[in-house]
Amino acid sequence: MAVRKSIADMTSAEKTAFANALRQFKTTPVNGRSYNSYIDQHITYFARTSDNISHAHQSPSFFPWHREYLRLLEFDLQTVSGNPNLFLPYWDWTGSVSPFTADFCGAITNGSVSSGNFSPNWGWSVYRSSIATSFLQRRLGQNASRPTATTVNNVQSYSVYDQSPWNSTVSNSYRNRNEIELHNRVHNYVGGHMGTREAPNDPVFWLHHCNIDRLWWLWQQSRGIDTYQPRTGTTPGVIDNTERMRPFATGKTPSALRDITTLGYSYA
Amino acid sequence: MTDVKRRDVLRYSAAGAVTTATALYGVQALTGSEPAEGKPRRDPRDFDEDYRGKRIRGRHFGRGRDELHVNDRPLALTEVSTLFVPEDGSEPYVAVGYISAINHYDPVEIDDARTQDGLRRLGRRIVDRLNGLELSAEAGKGHFH
Ligand SMILES: [Cu+2]
C-alpha cells in the first residue's frame, strides 16, 4: 500500500529511495516492462492510434489513462526496489518546495543536467530524444510561469467533467481546463525534455503527473467519484466510461480506475 | 456484430482515410514545390533567417503541410485545434495551432485572422526551447493527433 506524499514532506531517506528505484528500473526491466517502454508508450499514445482514438491526451481519458500509467510505474518501482511501500511523490508546484535539489531530481535547472541522480555519470541516459543530446535538459521558468493557487482553485471549480466535442477545444470542461492550464503549463514551466513528446525522460514527470492525479482525486471527492464522461459506448474517437484504454490490460476502463481506494494507493 | 465491433470498424476506416490523405498531401507538396518550369513555388510568408545563431527556414504549403527546418534538420509538425488560455488573464479562445516533438504542450497559433507569422514564431520558439542544441532525427518523425 503506497501512501503518496508531497515532496515537501519527504525525508531525505525517502528521496534517496525513490531516486534509486528509478535508476535501478532504468537498467533493470521488471514485470515485463522497462523504464524506456514507458517513454515509448507516452509517444505512441499521445497520438491517435490505429483505432483513431486519442487515449492519453486531448481527450476525456487523459486522467484515467495517466492514473493507470502511474500506478503501473509505482508497482514496477516497488518490485525493482523490493520495497512494497515505495510511493510516487507529488510535486505541488504552487508551493515553495522544489524537486530540483542535488539530493533529489538534480539541482541544474537550465541546460544539461550533468550532475546528480539523473545525470549520465549516475547512469541516467536519455531515450528517443528529439533534442540532439545525451543529457537530460531543463529550462525552468523560461517558457511559462508555474500556476498559482488561484489558478488551481479556478480550474478545480469547473463542475462538468468533460463534454462534446471531447477534445482540446472544450471550454467548459474540468478535464480540458486542467490539461491545458495546469498540466501543459507545468510541462512548459520545466521546459527541456519536459516540454517534449518524450517527457518521461525527466523523472519530475512522475511528480508532476502525481499531482495532477491528486487534483483529479480531490475534484472527484467533491463532485462525485463516478463522474467520468462520456458514459455510453457510442461516442466515436474517444474512450467511454466502460471502454478499455490501450495499451493497458482488458478491464482497464475509466470506470475501473475511478476509485483510488481500490487501486492500492492513497494521498497524504 | 456487437456495437463495439461495429464502432471499431468505423474507427479503423477513419484512420485509413487519414493515412491516404496524408500520402496525397505529400505528393501535392512535392509537385506544388517543383512545377514544370523548374521554379519552386514561393509563398510570400516563406522565410529563411538566422535567429540566435541558428538558421530557420519555413515554407508554406497550406494548413497542416507547412515545413520547418532548424539548421537544415526537419521538425515534423502536427496541427491541433485547441483552446488558448492566455497567461495574462485575457479571454480564452479557440484556434488552430502547431505542436511538434519539441513544443508538445505549447501549440503555436498558425495563420488566421488573428496572426500572420505563425510559422516564423514557431521556428523562433523552437530555437529558444532547444537552448543552443540541435534537433535530432527523432524530431523529424511525425504523428497524427
Ligand atoms: Cu504530461
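Scroll up a little and you will see the structure.
Report on the accompanying structure. Within any chain, residue numbers begin from 1 and follow the written order of that chain's sequence. Here chains are named by letter from A upward and ligands by number from 1 upward, in the order in which they appear as written. Only residues with pLDDT of at least 70 are given local features in this predicted model, and only at 80 or more are side-chain atom pairs given and counted; all residues enter the totals for whole chains, interfaces and linings. Side-chain metrics rest on all non-hydrogen atoms present in the structure, leaving aside hydrogens and water.

### Thoughts on the overall build of chain A
Here's step 1: The helix and strand tally for chain A stands at six helices and four strands.
Here's step 2: Per the convention used, a helix needs a DSSP run of H or I reaching at least four residues, while a strand needs a run of E reaching at least two, with both numbered from the N terminus. The order of α-helices and β-strands along chain A, N terminus first, is β-α-α-α-β-β-α-α-α-β.
Here's step 3: The C-alpha atoms of chain A give 18 Å as radius of gyration, which agrees with the globular expectation for 268 residues (18 Å, within 12%).
Here's step 4: Along the first, second and third principal axes, the C-alpha set of chain A runs to 50 × 40 × 35 Å.
Here's step 5: Throughout this description, buried means an accessible area under 20% of the type-specific maximum (1.4 Å probe, protein chains only), exposed means over 50%, and partly exposed covers the range between. When each of the 268 residues of chain A is scored for burial, the buried share is 60%.
Here's step 6: Every accessible area reported is derived by Shrake-Rupley at a probe size of 1.4 Å, with residue values counting cover from the shown protein chains alone. For chain A, the exposed surface amounts to about 9,000 Å²; the carbon and sulfur share of it is 50%.
Here's step 7: Charge convention: Lys and Arg are scored as positive, Asp and Glu as negative, and His as well as the terminal groups of each chain are ignored. Charge positions come from single atoms, namely NZ of Lys, CZ of Arg, CG of Asp or CD of Glu. For chain A, the centre of its 24 positive side-chain charges and the centre of its 19 negative side-chain charges are spaced 2 Å apart. Radius of gyration here uses only the C-alpha atoms, and the compact-globule reference equals 2.2 Å multiplied by the residue count raised to the power 0.38.

### Details of the coordination of the copper ion
Residues and elements named next belong to chain A.
Here's step 1: Those protein atoms acting as donors to the copper ion are His183 (NE2), His187 (NE2) and His209 (NE2), and they sit at 2.0 Å.
Here's step 2: Distances define the donors: N, O and S atoms within 2.8 Å of the metal qualify, as do those within 3.2 Å of Na, K or Ca. Water is excluded, so some sites may look unfinished. Within one chain, the residues serving as donors to the copper ion are arranged as H-x3-H-x21-H. Here histidine 209 lies in helix 6 (residues 204–223) and histidine 183 lies in helix 5 (residues 174–190), a separation of 26 residues in the sequence.
Here's step 3: The class of histidine 183 is buried, set by a relative accessible area of 0%.

### Let's talk about the pattern of salt bridges
Here's step 1: Any Lys or Arg side-chain nitrogen located within 4 Å of an Asp or Glu carboxyl oxygen qualifies as a salt bridge. Inspection of every chain in the model, using the stated rule, returns 30 salt bridges over all chains.
Here's step 2: The partner of aspartate 40 of chain A in a salt bridge is arginine 128 of chain A, and the shortest N-O contact between them spans 2.8 Å. Linking aspartate 40 of chain A in helix 2 (residues 35–46) with arginine 128 of chain A in the loop between strand 2 (110–112) and strand 3 (137–139), this pair joins segments that are 88 residues apart in sequence.
Here's step 3: With relative accessibility at 24%, the residue aspartate 40 of chain A sits in the partly exposed group.
Here's step 4: Among the residues examined, arginine 128 of chain A registers a relative accessible area of 28% and is labelled partly exposed.
Here's step 5: Measuring nitrogen to oxygen at the nearest pair gives 3.6 Å for the salt bridge that ties lysine 54 of chain B to glutamate 134 of chain B. A residue pair is termed long-range when its members are at least 10 positions apart, and lysine 54 of chain B in strand 2 (residues 54–59) and glutamate 134 of chain B in the segment after helix 2 (118–130) qualify at 80 residues.
Here's step 6: Assessed through its relative accessible area of 22%, glutamate 134 of chain B is described here as partly exposed.

### Observations regarding the pairing of strand 3 (residues 67–70) of chain B
Residues and elements named next belong to chain B.
Here's step 1: Here the rule is simple: two strands pair whenever DSSP picks up at least two bridges between them. Both strand 2 and strand 3 contribute to a ladder of four bridges, which runs antiparallel. Bridge pairing links isoleucine 56 to valine 70 in strand 3.
Here's step 2: Where strand 3 meets strand 4 (residues 73–75), three bridges bridge the pair, whose relative direction is antiparallel. Across the sheet, residue histidine 69 finds its bridge partner in strand 4, namely proline 74.
Here's step 3: Adjacent in sequence and paired antiparallel, strand 3 and strand 4 are bridged by two residues, among which asparagine 71 carries a positive phi angle near 50°.

### Focus on the sheet that holds strand 3 of chain B
Residues and elements named next belong to chain B.
Here's step 1: Reading across the sheet, the four strands line up as 1-2-3-4 and stay open at both edges, with antiparallel pairing between neighbours. Of all the strands in the sheet, just strand 1 (47–51) and strand 4 have a single pairing partner and so form its edges. With direction set aside, neighbouring strand axes in the sheet form an average angle of 25°.
Here's step 2: The sheet contact formed by strand 1 and strand 2 spans five bridges and is antiparallel. Counted as the bridge partner of tyrosine 51 is lysine 54 from strand 2.
Here's step 3: We call two residues in contact whenever any of their non-hydrogen atoms come within 4.5 Å of each other. Whenever a helix is involved, its axis is fitted only over the stretch in contact; in every case the axis is a line through C-alpha atoms, and angles between N-to-C directions fall within 0 to 180 degrees. Here helix 2 sits on the sheet in contact with strand 1, strand 2, strand 3 and strand 4, set at roughly 35° to strand 3.

### Brief notes about the interface of chain A and chain B
Here's step 1: Contacts between the two partners involve 51 residues from chain A, matched on the other side by 37 residues from chain B.
Here's step 2: A quick way to say it: buried area is the sum, across both parts, of accessible area lost when two parts are put together, with a 1.4 Å probe. Between chain A and chain B, a total of about 3,400 Å² is buried, with carbon and sulfur atoms accounting for 50% of that surface.
Here's step 3: Looking only at chain A, the three residues that lose the most surface to chain B are Ser130, Arg139 and Arg197 of chain A, adding up to 18% of its buried area.
Here's step 4: On inspection of chain A and its partner chain B, the count reaches two salt bridges.
Here's step 5: Here arginine 185 of chain A ties to glutamate 87 of chain B by a salt bridge, and the two come within 3.5 Å at their closest N and O atoms.
Here's step 6: Contacts described as polar in this section are N or O atom pairs within 3.5 Å, which, within protein, must combine one atom able to donate a hydrogen with one able to accept it, while residues neighboring in sequence count only if both atoms come from side chains. In this structure, the connection of chain A to chain B is made through 17 residue pairs in polar contact (both at pLDDT 80 or more).
Here's step 7: Put simply, the parts of the chain that give the side of chain A that touches chain B at least two residues each are helix 2, strand 2, strand 3 and helix 5 of chain A.
Here's step 8: It is helix 5 of chain A that provides the largest number of residues to the side of chain A that touches chain B, a total of nine residues.

### Brief notes about the pairing of strand 6 (residues 93–99) of chain B
All names here are of chain B.
Here's step 1: Across the seven residues that make up strand 6, a large majority, six, are buried.
Here's step 2: Alignment of strand 5 (residues 78–84) against strand 6, held across seven bridges, turns out to be antiparallel. Residue pairing across strands places serine 81 opposite valine 96, the latter belonging to strand 6.
Here's step 3: Where strand 6 meets strand 7 (residues 108–109), two bridges bridge the pair, whose relative direction is antiparallel. Considered in strand 7, the bridge of tyrosine 98 is made with valine 108.

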